[in-house]
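Read off the chains here:
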Amino acid sequence: MNRPMMVAPESRKHPVPAGSARENAAGDLAVMFGALSVVAFWAFGVGVLLGLGALVVAAVARDRARATQEPIPVEAVLGVLAALAGITAGVLFLAAVLPNL
């Protein structure tokens, strides 16, 4: 049985439009790392490390937005807020647990 060859859609031949999902991947990654830091605060420092990673990725998203004269993505701000919550919870958890080990 002969199948016709698949042809790439027209959208792949053009550059990524402004405001697309691929353009703000760093902001999305910051939110993901920040949320994971909140969830993993109890894992002996993993939440703190994920929170620090979220802060770094959010800074990258902010720098990319400033380089193109665009506003800072909301996802980057949410990533920072989630990261700060995860880091705070992780540090408080470590402060409560480490003296009892």
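Model, not experiment: these values are computed from the prediction. The written sequence of each chain sets the order in which its residues are numbered from 1. Local features in this predicted model are restricted to residues of pLDDT 70 or higher, and side-chain atom pairs are both shown and tallied only at a pLDDT of 80 or more, whereas totals for entire chains, interfaces and linings draw on every residue. Side-chain figures throughout are based on the complete set of non-hydrogen atoms in the structure, without hydrogens or water.

J.: Mind showing me how you'd approach the side chain of S37 here?
T.: Strands here are runs of E lasting at least two residues and helices are runs of H or I lasting at least four, both read from the DSSP assignment and numbered beginning at the N terminus. Relative to the assigned elements, S37 resides in helix α1 (residues 25-39). Any two residues having at least one pair of non-hydrogen atoms within 4.5 Å are treated as being in contact. The residues touching S37, leaving out its near neighbours within four places in the chain, are G47, L50, G51, A82, A83 and G86.

J.: Sorry if this is basic, but what is going on with the packing of helix α2 (residues 46-67) against helix α3 (residues 74-97) here?
T.: The N-to-C vectors of α2 and α3 enclose an angle of 160°; their axes lie 8 Å apart at closest approach. One way to sum up the angle between α2 and α3 is to call them roughly antiparallel. Crossing of α2 over α3 shows left-handed handedness. When α2 is examined against α3, the residues V48, G51, L52, A54, L55, A58 and A61 are found in contact with a partner set consisting of A76, G79, V80, A83, L84, I87, G90 and V91. Here the residues of the contact of α2 with α3 sort into twelve nonpolar, three polar and no charged. Axis definition: a line fit to C-alpha positions, over the contact stretch in the case of helices; interaxial angles, taken between N-to-C directions, run 0 to 180 degrees. The scheme is simple: roughly parallel for angles under 35 degrees, roughly antiparallel for over 145, roughly perpendicular for 65 to 115, oblique for anything else. By convention the crossing between two helices is left-handed if the near helix lies anticlockwise of the far one by an angle smaller than a right angle, and right-handed if it lies clockwise. Gly counts as polar in this scheme, as do all residues outside two lists: the nonpolar Ala, Val, Leu, Ile, Met, Phe, Trp, Tyr, Cys and Pro, and the charged Asp, Glu, Lys and Arg.

J.: What exactly am I supposed to notice about the packing of aromatic side chains here?
T.: Each pair of aromatic rings is reported with the distance of its centres and the angle of its planes. For Phe, Tyr and Trp, rings pair up if their centres lie within 6.5 Å, where Trp contributes its six-membered ring, and each pair is then called stacked (planes under 30 degrees apart), edge-to-face (over 60) or tilted (otherwise). According to the stated counting rule, one finds two aromatic pairs in the structure shown. An aromatic cluster is defined as three or more aromatic residues linked by ring pairs; in this entry it consists of F41, F44 and F93.

J.: Honestly, the pattern of salt bridges in this entry has me stumped. Any pointers?
T.: Side chains carrying opposite charge are able to pair once their charged atoms draw close together. Basic side-chain nitrogens of Lys or Arg form a salt bridge, by our definition, when they fall within 4 Å of a carboxyl oxygen of Asp or Glu. In total, this model carries one salt bridge according to the counting rule given. The shortest N-O distance in the salt bridge between D63 and R62 comes to 3.1 Å. When accessible area is computed with a 1.4 Å probe and restricted to protein chains, residues below 20% of their type maximum are described as buried, those above 50% as exposed, and intermediate ones as partly exposed. Residue D63 is classed as partly exposed on the basis of its relative accessible area, which comes to 42%. Since its relative accessible area comes to 31%, R62 is described here as partly exposed.

J.: Whenever I open this one, the packing of α1 against α2 confuses me. Can you help?
T.: Packed helices, taken two at a time, are described by their axes: the angle between them and the distance between them. Orientation of α1 relative to α2, taken along the N-to-C sense of each, is 160°, at an axis distance of 8 Å. On the basis of their axis angle, the class for α1 and α2 is roughly antiparallel. The two elements α1 and α2 cross, and the hand of that crossing is left-handed. Contacts from A26, G27, L29, A30, F33, G34, L36 and S37 of α1 reach α2 at G47, L50, G51, G53, A54, V57, A58, A61 and R64.

J.: What should I look at first to understand the nonpolar core in this one?
T.: Within soluble globular proteins, side chains that are nonpolar tend to cluster in buried spots. In terms of nonpolar packing, the biggest core is built from six residues, these being A26, A30, V57, A58, A61 and A76. At the level of secondary structure, the elements contributing two or more residues to this core comprise α1 and α2. Look past the residues within four positions of A30 in its chain and what remains in contact with it is A54, V57, A58 and G79. To form a nonpolar core, buried Ala, Val, Leu, Ile, Met, Phe, Trp, Tyr and Cys residues must be joined to one another through side-chain atoms within 4.5 Å.

J.: Looking at this structure, how should I read unusual backbone geometry?
T.: Among all residues save glycine, negative phi is the norm, and among peptide bonds the norm is trans. Of note, F44 is a non-glycine position whose phi angle comes to about 50°, a positive value. Tracing the backbone shows F44 in the loop between α1 and α2.

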